2 protein chains.
Amino acid sequence: MTDPVFKRLAILGIGLIGSSIARAAAETGAAETIALWDRDADVRAEATELGLGQVAASGQEAVRGADCVILCVPVGALGEVTGAVASALAPGAILTDVGSVKTAAAAAMAAAAPDGVFVIPGHPIAGTEASGPAAGFATLFTGAWHILTPPPDSADTAGSAEALAALSGFWTRLGARVETMDAERHDRVLAITSHLPHLIAFNIVATAYDMERVDEQDVVKYSAGGFRDFTRIAASDPTMWRDVFLANKDAVLETLGRFSEDLAALQRAIRWGDGDALFQEFTRARRIRKAIIDAGMDSAEVNFGRDKPPPT
Amino acid sequence: MTDPVFKRLAILGIGLIGSSIARAAAETGAAETIALWDRDADVRAEATELGLGQVAASGQEAVRGADCVILCVPVGALGEVTGAVASALAPGAILTDVGSVKTAAAAAMAAAAPDGVFVIPGHPIAGTEASGPAAGFATLFTGAWHILTPPPDSADTAGSAEALAALSGFWTRLGARVETMDAERHDRVLAITSHLPHLIAFNIVATAYDMERVDEQDVVKYSAGGFRDFTRIAASDPTMWRDVFLANKDAVLETLGRFSEDLAALQRAIRWGDGDALFQEFTRARRIRKAIIDAGMDSAEVNFGRDKPPPT
């Protein structure tokens, strides 16, 4: 096994992502020691049982002496958590996160972190609809993109290039493909590839709930027609997603405005029986699906391969 | 092997669904002879090569002497296809379809079918995003619901109960779970479980296309955040879906209106930073996902099981 990237890795927040990092870092030897902490005592107990690493009694204890600290908490909690451990952060330590909104994450961490700590926000484009420490697994990041958004003003700071290289090496060791970009671009891209799809999924499930002329039983029973895919996405962690929409408000509202305009045009085409307009819109979609499969970003199997008959 | 349900089964339209019925009927022995026809000569040649059954030179030839005829064409073509073969339909034959809108399907077939033919519209809640005869497979209907919507005025006709029992037995033999309901209820339920999800998916892909400040490369690359799920649904056959929205206009517009209202409320909550409202909406969704999995309507595996690392 090659040398560990970090001597002491501290993970604050032991949910799906935090516990997956702990598992992957242990399995790949990317960190010599893994210290963990969660504000929820039950989660800490579960993490201890799962053997995810050294579960600390406090955030401060976890980060003390760590050369890398990864905050795996909702975006809205990043500032508070950073502030709570700031005095225990070692000079020269890397402070990163896994939040889905990078401008807000960068601002929150930078404001609360002490001088001499390298703040490098990050976002793994990986996850599942499940939550909690037991939901994590070591291969979650295999082949997934990991986006780092180093602050533009950090480039001149002594040691910042080395810190970025180390963090990039850590995620590569975990199996991820690392990209760097500026935080604003990240937030614009993710607004359409992730935030809007989740908002739409949450919304359609709510709409289905409230259809008083359609039985909920029928919705469940006949969900294979398409609806079930939306419910998977909409089963994601509510706290995390609340914070995403609050933190990426501008990009989400801009994207949502375009979506609603486009939807109004489709609605009009349906009302006026404009079949040609519908056909043209529907035809465009196949090309982008093909591009996603060609790029290895999704299973090429139809129905994601899930409808195979049970093995006999 | 038990007796065949039908002596001669005719399938008009040899796409994903038509070819899957042919395969399943052959494999389960549900039909003694399987006659097929498609208006596209290339598709007929492909069906011959695939060995799906006796490929006829015309629709009339295919249906002649058939005790069951299944129209597997877009809803908008049902009237025309029925009219074209009407004079060759045997008295006492069952005429059914697989269209996603049952009031329109029933009206179109009933208007064009001769007296003495039992028109029993049907809809398998099964499919994939792929199209064409090669995309079909024999187990497509295994465990899936199949909805039959026998016309209410048919109940008194001599032989109609037997016809319904035979068609129901055929789909059961193919592995489906058969339900009967009235066409209006079907169309209301499917508007929310299938038609609206598809419209939304088509629309979000179009919106992503037109984001001039976001690179299409980035959309593809970071699609694992949620967007890729929508592109799968949006890769479905454009002609079929155009017809669905035209044929189920009222139920779709009603459902879409509610969706847009609900979305406007979420939009307002984002704009005004109302985190509690967002959290409450997002929390409701988990329950319906659980109900869908408990009902066996989707894979319980996270990410539909598709993100498992490649076997080593």
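Residues numbered from 1 in each chain as written. Chains lettered and ligands numbered in written order. Predicted model: local features only at pLDDT ≥ 70, side-chain atom pairs only at ≥ 80, totals over all residues. Heavy atoms only, no water.

### Considering the pairing of strand S1 (residues 6-12) of chain A
Residues and elements named next belong to chain A.
- Across the seven residues that make up S1, a large majority, six, are buried.
- Where S1 meets strand S2 (residues 31-37), six bridges bridge the pair, whose relative direction is parallel. Looking across to S2, one finds that Phe-6 is bridged to Ala-31.
- Read as a crossover between parallel neighbours, the route from S1 over helix H1 (residues 16-28) to S2 is right-handed. (Buried < 20%, exposed > 50% of the residue type's maximum accessible area, 1.4 Å probe, protein only. Helix = DSSP H or I, 4+ residues; strand = E, 2+ residues; numbered from the N terminus. Pairing = 2+ DSSP bridges. Right-handed = clockwise from strand over helix to strand, strands pointing away.)

### With respect to the pairing of strand S5 (residues 94-97) of chain B
Residue and element names in this part refer to chain B.
- Alternating residues of S5 divide into Ile-94 and Thr-96 and Leu-95 and Asp-97, and every residue in both groups is buried.
- In this region the chain leaves strand S4 (residues 68-71), passes through helix H4 (residues 78-85) and returns to the parallel neighbour S5; the handedness of that crossover is right-handed.
- Relative to strand S6 (residues 118-119), S5 runs parallel, the two sharing two bridges. Looking at S6, one finds that Ile-94 is bridged to Phe-118.

### Topic: the interface of chain A and chain B
- Residue-level contacts link 102 residues of chain A with 102 residues of chain B.
- Buried area between chain A and chain B, summed over both chains or domains, comes out near 10,500 Å², and the portion from carbon and sulfur atoms is 66%.
- Close ionic contact of Glu-179 of chain B with Lys-221 of chain A constitutes a salt bridge, the shortest N to O distance being 2.8 Å.
- Inspection of the chain A/chain B interface yields 50 residue pairs in polar contact (both at pLDDT 80 or more).
- Top contributing element to the side of chain A that touches chain B by residue count: helix H7 (residues 183-209) of chain A, with 19 residues.
- In terms of residue class, the side of chain A that touches chain B is made up of 51 nonpolar, 23 polar and 28 charged. (Contact = heavy atoms within 4.5 Å. Buried area = accessible area lost by both parts, 1.4 Å probe. Salt bridge = Lys/Arg side-chain N within 4 Å of Asp/Glu carboxyl O. Polar contact = N/O pair within 3.5 Å; in protein donor to acceptor, adjacent residues only side chain to side chain. Nonpolar A, V, L, I, M, F, W, Y, C, P; charged D, E, K, R; others polar.)

### Considering the relation of the copies chain A and chain B
- The two copies are related by a screw motion: chain A maps onto chain B through a turn of 180 degrees and a shift of 0.0 Å along the axis, at an RMSD of 0.0 Å. Each copy turns onto its partner about a two-fold axis.
- Of the residues that chain A buries at the interface, 100% are likewise interface residues in chain B, meaning the two copies contact each other through the same surface. (Least-squares fit on C-alpha atoms with pLDDT ≥ 70 in both.)

### Things to note about the packing of helix H7 (residues 183-209) of chain B against helix H9 (residues 227-234) of chain B
Residue and element names in this part refer to chain B.
- Contact geometry for H7 and H9: axes closest at 8 Å, N-to-C directions at 115 degrees. Considering only the axes of H7 and H9, their crossing is left-handed. Of the residues in H9, those touching H7 at Pro-197, His-198, Ile-200, Ala-201, Phe-202, Ile-204, Val-205 and Ala-208 are Phe-227, Phe-230, Thr-231, Ile-233 and Ala-234.
- For the contact of H7 with H9, the class distribution of residues is eleven nonpolar, two polar and no charged. (Axes fitted to C-alpha atoms, helices over the stretch in contact; angles between N-to-C directions. Left-handed = near helix turned anticlockwise from the far one by under 90°.)

### Things to note about a negative patch on the surface
All names here are of chain A.
- Side chains of Asp-40, Asp-42, Glu-46 and Glu-49 sit close together on the surface and give a patch of like negative charge.
- In this fold, Glu-46 is placed in helix H2 (residues 41-50).
- In this structure Glu-46 comes out as partly exposed when scored by relative accessible area, which is 33%. (Patch = residues over 30% accessible without salt bridge, like charges linked within 9 Å, V, L, I, M, F, W, Y side chains within 5 Å. Areas by Shrake-Rupley, 256 points an atom, 1.4 Å probe, with all protein chains shown as cover. Lys, Arg positive; Asp, Glu negative; His and termini not counted. Charge placed at Lys NZ, Arg CZ, Asp CG, Glu CD.)

### So, the packing of aromatic side chains
- In this structure the tally under the stated criterion is 16 aromatic pairs over all chains.
- Look at Phe-202 of chain A and Phe-282 of chain B: their rings are 4.0 Å apart centre to centre, the planes differ by 15 degrees, and that puts the pair in the stacked class. Here Phe-202 of chain A, found in helix H7, pairs with Phe-282 of chain B, found in helix H12 (residues 275-294), and the two come from separate chains. Each member of the pair, Phe-202 of chain A as well as Phe-282 of chain B, is classed as buried.
- Between Trp-241 of chain A and Phe-245 of chain A the ring centres are 5.8 Å apart and the planes differ by 40 degrees, which places this aromatic pair in the tilted class. With a gap of four residues between them, Trp-241 of chain A and Phe-245 of chain A both fall in helix H10 (residues 238-247), about one helical turn apart. Accessibility assignment for this pair places Trp-241 of chain A and Phe-245 of chain A in one class, buried.
- Taken together, the ring pairs in this structure connect Phe-6, Phe-141, Phe-170 and Trp-171 of chain A into an aromatic cluster.
- Its end group placed over the ring of Phe-304 of chain B, Arg-232 of chain A keeps NZ or CZ at 4.8 Å from the ring centre. (Phe/Tyr/Trp six-rings, centres within 6.5 Å; stacked < 30°, edge-to-face > 60°. Lys NZ or Arg CZ within 6 Å of the ring centre and 35° of its normal.)

### Some words on H7 of chain A
Residues and elements named next belong to chain A.
- Here H7 contains 27 residues, and its C-alpha end-to-end distance of 36 Å stays within 8% of the 39 Å for a straight helix at 1.5 Å per residue.
- For H7, the principal kink sits at Ala-191 and spans about 55 degrees.
- Extensive coverage of H7 is indicated by the burial of 24 of its 27 residues.
- Looking at where H7 begins, the residue whose side-chain oxygen comes 3.2 Å from the main-chain nitrogen of Glu-184 is Asp-182. (Expected span 1.5 Å × (residues − 1). Bend = angle between axes of the 7 residues up to and from the residue.)

### A closer look at the sheet that holds strand S7 (residues 122-124) of chain B
Residues and elements named next belong to chain B.
- Read from one edge to the other, the open sheet built from three strands follows the order S7-S8-S9, with strand pairing classed as mixed. Both outer strands of the open sheet, S7 and strand S9 (177-180), are each paired with one neighbouring strand and no more. Taking each pair of neighbouring strands and ignoring which way they run, the sheet shows an average axis angle of 20 degrees.
- Across three bridges, the pairing between S7 and strand S8 (residues 145-148) is antiparallel. Note that in S8 the partner of His-123 across the bridge is Ile-147.

### Description of the confidence of the model for chain A
- Looking at chain A, the pLDDT average stands at 94 and 98% of residues meet or exceed 70.
- For this predicted complex, the interface confidence comes out at an ipTM of 0.93, alongside a pTM of 0.94. (pLDDT = per-residue confidence, 0-100.)

### A few points about the pattern of salt bridges
- Counted according to the given criterion, the structure contains 28 salt bridges over all chains.
- Linking Asp-218 of chain B and Arg-185 of chain A is a salt bridge whose minimum nitrogen-to-oxygen distance equals 2.9 Å. Of this pair, Asp-218 of chain B sits in helix H8 (residues 216-221) while Arg-185 of chain A sits in helix H7, which puts the two residues in different chains.
- When its relative accessible area of 30% is taken as the criterion, Arg-185 of chain A is described as partly exposed.
- Among the ionic pairs, Lys-102 of chain B bridges to Asp-97 of chain B, the shortest N-O distance being 2.9 Å. Across this residue pair, the class does not change: Lys-102 of chain B and Asp-97 of chain B are buried.
- Within this structure, Glu-129 and Arg-232 of chain A together with Asp-229 of chain B form a network of salt bridges that share partners.

### As for the nonpolar core
- In this structure, Ile-200, Ile-204, Phe-245 and Phe-259 of chain A together with Ile-200, Ile-204 and Phe-259 of chain B are the most contacted members of the largest nonpolar core, which totals 86 residues.
- Excluding residues within four positions of it along the chain, Phe-259 of chain A makes contact with Leu-196 and Ile-200 of chain A together with Ile-200, Asn-203, Ile-204, Thr-207, Phe-259 and Leu-263 of chain B. (Core = buried A, V, L, I, M, F, W, Y, C linked by side-chain atoms within 4.5 Å.)

### Focus: the sheet that holds S1 of chain A
- Read across the open sheet, the six strands follow the order S3-S2-S1-S4-S5-S6 (chain A); overall the sheet is parallel. The open sheet terminates on both sides in strands that have one partner only, identified here as strand S3 (54-55) and strand S6 (118-119) of chain A.

### Thoughts on the environment of Asp-237 of chain B
- Locating Asp-237 of chain B in the fold gives a position in the loop between H9 and helix H10 (238-247).
- Sequence spacing of Asp-237 of chain B and Thr-128 of chain B is 109 residues, and the spatial spacing of their C-alpha atoms is 9.8 Å.
- In contact with Asp-237 of chain B, other than residues within four places in its own chain, are Arg-286 of chain A together with Ser-131 of chain B.
- Of the polar contacts made by the side chain of Asp-237 of chain B, one reaches the backbone nitrogen of Met-240 of chain B; its length is 3.0 Å.

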